[in-house]
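Chain by chain, the residues run as shown.
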Amino acid sequence: MNFVDTHCHLNDEKFAEDLIEVVGRAENSGVRRIINFGDTLKSSAAVVELAAKFANMFAGVGIHPEEISGFDKNSTDKIIELAAQKKVVAIGEIGLDYYWEKDSDTRLMQQKIFIEQLDIARQLNLPVCIHEREAHGDALKILKTEAKGLRGVMHCYSGSLEMAREIWKLGWLIGVDGPLTFKNSAKLPEVVKAAPSEMILLETDAPYLAPVPNRGKRNEPCFIVDVAKKIAEIRGETLETVAQYTTENAERLYNIKEG
């Protein structure tokens, strides 16, 4: 079987001591391609470097909504410069995060910078990976008004089935991660069961959100198989079927070739 981990952070210091072993375990589990995403200018540069070192790795570059302090014209120029590098396949992860941020002015600034980075994606004809937490209404509004003509994914989807249906109507996908396997996962199984097969991507978000049976441990790409197994269980499909359509979806969205 062939899997694609469409969202992780192997540049994280948690992988500093054993990255080669982590990549090896992924390959042995059938994870043939990995997309690492930046969330600051520094980490975006780091994932570009990783993509250059490993044949099976690609990169996404952008500024996370919790990292927007100091964002200016130079930040935009740097993202564009990084995005021009070989094997950069997306702008992200970008978006909105209201979970910690309660200040209305800062939330408005998140929206402004989100839109600016959507514009970068449009200029470069790249797909977008969106981080959205406790900002469902504003995120959907921006997708409908500012992301016309763009394609992308709602990373680690946590919204309702009703919102998911609106996202699918726009042609955007949802990313499914370890929380699907958690006992307290309420809405996500319903969303996964109802999702058109062409609208689902597999993600780990490693080193975060390890799925059961490794919940609480450092996550890594090989654990994506556990997410795929849960999708298969919920949808009444074989693991091979889930592997096939999620891989095809990743290839189509990110235009990635197995290297």
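Residues numbered from 1 in each chain as written. Predicted model: local features only at pLDDT ≥ 70, side-chain atom pairs only at ≥ 80, totals over all residues. Heavy atoms only, no water.

**Re the sheet that holds strand β3 (residues 57–61)**
Two orientations exist for strands paired in a sheet by backbone hydrogen bonds: parallel and antiparallel. Counted only if it meets this: Only when DSSP finds a minimum of two bridges between them are two strands counted as paired. In this text, helices come from DSSP runs of H or I with a minimum length of four residues, and strands from runs of E with a minimum of two, each type numbered from the N-terminal end. For helices, the fitted axis covers only the stretch in contact; all axes are lines through C-alpha atoms, and the angles between them, taken along N-to-C directions, range from 0 to 180 degrees. The contact criterion used throughout is that any non-hydrogen atoms of two residues lie within 4.5 Å.
Pairing in this open sheet of 8 strands is parallel, and the strands run β1-β2-β3-β4-β5-β6-β7-β8 from one edge to the other. Whereas interior strands pair on both sides, the edge strands pair on one side only; in this sheet they are β1 (3–8) and β8 (200–202). The sheet shows a mean angle of 30 degrees between the axes of neighbouring strands, direction not considered. The sheet contact formed by β1 and strand β2 (residues 31–37) spans 4 bridges and is parallel. Bridge pairing in β2 places C8 opposite N36. Contacting β3 and β4 (88–97), helix α3 (residues 73–83) crosses the sheet at an angle of about 145 degrees to β4.

**Remarks on helix α2 (residues 41–53)**
In plain terms, the rule: Every helix has an expected span of 1.5 Å times one less than the residues it contains. Buried means the residue's accessible area, taken with a 1.4 Å probe over protein chains only, is under 20% of the maximum for its type, while exposed means over 50%, and partly exposed covers the values in between. An arc is given here, and it is the one of the directions from the helix axis to the C-beta atoms. Polar contact is defined as a pair of N or O atoms within 3.5 Å, subject to the rule that within protein one atom must be able to donate a hydrogen and the other to accept it, and that residues adjacent in sequence are counted only when both atoms are side-chain atoms.
The end-to-end C-alpha distance of α2, which contains 13 residues, comes to 19 Å, matching closely the 18 Å that a straight helix rising 1.5 Å per residue would cover. Among all positions of α2, only S43, S44, V47, V48, L50 and A51 are buried. Each buried residue of α2 sits inside an arc of 160 degrees when the element is viewed along its axis, so together they form one side. Facing away from the buried side of α2 by over 90 degrees, the exposed positions are K42, A52 and K53. Packed against the buried residues of α2 are α1 (19–28), β2, β3, α3 and β4. Its side-chain oxygen at 3.4 Å from the backbone nitrogen of K42, T40 defines the N-terminal cap of α2.

**Structural notes on the pairing of β3**
Rule in force here: Assignment of crossover handedness uses the view with strands pointing away from the viewer, where a clockwise path from the first strand over the helix to the second indicates a right-handed crossover.
Of all 5 residues that make up β3, 5 are buried, and the element is covered over most of its length. Side chains M57, A59 and V61 project from β3 onto one buried face, and the interleaved F58 and G60 project onto a second face that is buried too. Pairing of β2 with β3, which is carried by 4 bridges, proceeds in the parallel orientation. Bridging across to β3, F37 finds its partner in G60. Once the chain exits β2 it traverses α2 before rejoining the sheet at β3, and the crossover so formed is right-handed. Bridge count between β3 and β4: 3 bridges; the pairing is parallel. The residue bridging V61 from the neighbouring strand is I91, located in β4.

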